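Each chain is listed here by its residues.
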Amino acid sequence: MIQFITHFNERYGYVEGARLALEGGCRWVQLRMKDASEEKFVAAAEQIGKLCREHEAVFVLDDHAELVERCGADGVHLGKNDMPVDEARRLLGNNRIIGGTANTFEDIERLHRQGADYIGCGPFRFTTTKKNLSPVLGLEGYERIVSDMKAHGIDLPIVAIGGILKSDIADIMQTGVTGIAVSGGILNAESPAEEMKQFISLIKPNR
Ligand SMILES: Cc1ncc(COP(=O)(O)OP(=O)(O)O)c(N)n1
Ligand SMILES: Cc1ncsc1CCOP(=O)(O)O
Ligand SMILES: [Mg+2]
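Residues numbered from 1 in each chain as written. Chains lettered and ligands numbered in written order. Predicted model: local features only at pLDDT ≥ 70, side-chain atom pairs only at ≥ 80, totals over all residues. Heavy atoms only, no water.

Chemist: Hey, could you run me through the overall build of the protein chain in this one?
Modeler: When its secondary structure is counted, the protein chain shows 9 helices and 8 strands. The C-alpha radius of gyration of the protein chain comes to 16 Å, within 12% of the 17 Å expected for a compact globule of 207 residues. Viewed in the frame of its principal axes, the protein chain has a C-alpha envelope of about 45 × 40 × 30 Å. Expressed as a percentage of the 207 residues in the protein chain, the buried residues total 51%. At a minimum sequence separation of 6, the contacts of the protein chain that also span at least 24 residues come to 55%. If you sum the accessible surface of the protein chain, you get close to 10100 Å²; carbon and sulfur atoms cover 49% of it. Positive and negative charge centroids in the protein chain, built from 24 and 30 side chains respectively, lie 1 Å apart. (Helix = DSSP H or I, 4+ residues; strand = E, 2+ residues; numbered from the N terminus. Rg over C-alpha atoms; globule rule 2.2 N^0.38 Å. Buried < 20%, exposed > 50% of the residue type's maximum accessible area, 1.4 Å probe, protein only. Contact = heavy atoms within 4.5 Å. Areas by Shrake-Rupley, 256 points an atom, 1.4 Å probe, with all protein chains shown as cover. Lys, Arg positive; Asp, Glu negative; His and termini not counted. Charge placed at Lys NZ, Arg CZ, Asp CG, Glu CD.)

Chemist: How do you make sense of the coordination of the magnesium ion (ligand 3) when you look at a structure like this?
Modeler: Geometrically, a metal with four donors at the corners of a regular tetrahedron has ideal angles of 109.5 degrees, and one with six donors at the corners of a regular octahedron has ideal angles of 90 or 180 degrees. Distances from the magnesium ion (ligand 3) to its protein donors, namely Asp63 (OD) and Asp82 (OD), fall within the range 2.0 to 2.3 Å. In this pair, Asp63 sits in the loop between strand S3 (58-62) and helix H3 (68-71) while Asp82 sits in the loop between strand S4 (75-78) and helix H4 (85-92), placing the two residues 19 residues apart along the sequence. For Asp63, a relative accessible area of 17% corresponds to the buried category. (Donors = N, O, S within 2.8 Å, 3.2 Å for Na, K, Ca; no water.)

Chemist: Explain the side chain of Arg89 here, please?
Modeler: Considering the arrangement of structural elements, one finds Arg89 in helix H4. A distance of 2.9 Å separates a polar side-chain atom of Arg89 from the backbone oxygen of Arg96. Here Arg89 is in contact with Asn94, Arg96, Ile98, Gly115, Ala116 and Asp117, once residues within four sequence places are set aside. (Polar contact = N/O pair within 3.5 Å; in protein donor to acceptor, adjacent residues only side chain to side chain.)

Chemist: Sorry if this is basic, but what is going on with the site of ligand 1 here?
Modeler: By nearness alone, 15 residues border ligand 1, and Gln30, Arg32, Lys34, Asp63 and Thr101 come closest of all. In this structure, a nitrogen atom belonging to ligand 1 sits 2.9 Å away from a side-chain N or O atom of Gln30. In the environment of ligand 1, an oxygen atom lies 2.6 Å from a nitrogen or oxygen atom belonging to the side chain of Lys34. When grouped by side-chain class, the residues that make up the shell around ligand 1 number 3 nonpolar, 6 polar and 6 charged. (Near = heavy atom within 4 Å. Nonpolar A, V, L, I, M, F, W, Y, C, P; charged D, E, K, R; others polar.)

Chemist: I would appreciate a short explanation of the UniProt feature "domain: Thiamine phosphate synthase/TenI" (unreviewed entry) in the protein chain in the present structure.
Modeler: If you check UniProt for "domain: Thiamine phosphate synthase/TenI" (unreviewed entry), the listed places come out as residues 13-186 in our numbering. This span, residues 13-186, is 41% helix and 18% strand, and a straight line between its end C-alpha atoms measures 13 Å. (UniProt positions renumbered as here; feature names shortened; annotations may be inferred.)

Below, the structure written as structure tokens:
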């Protein structure tokens, strides 16, 4: 499973990036548009949501649980400074996907208690896509977290995120995580759609 996180660069905007990821075969897009006005966020969500429906892809919003219904999104990804997962669950019900961010096993325990459907776990390495990064986990970090989860009987999909490139995929999947989330590794490639195809072909499902 691979989740494309929207961003922009000198060549592509948010919608174009999502379109290329979908053309490359991605079936899970997160609209992440930090510091955008609500108007701009909703306008991008309308376009990306339509593209996702055309490609039968899952569409989640970053941060904005309160906009999920209005944007017709499938769910939301929530970090430590966003609405708590249990509150979002009460708001959105059981039919929407709610992901939560973890940097430690303790975060995962909390998110599991609160009812998250999956965990975005990172950063794998330094990245300029996100400000105020938590400490880098590296491969050892994922190995430790996956083993702690097994020891405590916590069975939730773990999505590795942060600075992931094609050449990292085999090693990251080897740690036992479920999938990856990526932005720059796709958007900054010479051909984003082709890069997405290659990312997908390298991910051998762990579950
Ligand atoms: C899949 C996934 N994992 C982690 C994050 C980070 O979310 P958050 O900690 O809320 O930081 P911002 O993305 O909001 O800057 C994510 N968005 N997606
Ligand atoms: C949103 C987020 N959360 C942790 S790292 C990150 C950025 C992911 O983008 P990239 O793949 O470009 O590092
Ligand atoms: Mg957030």
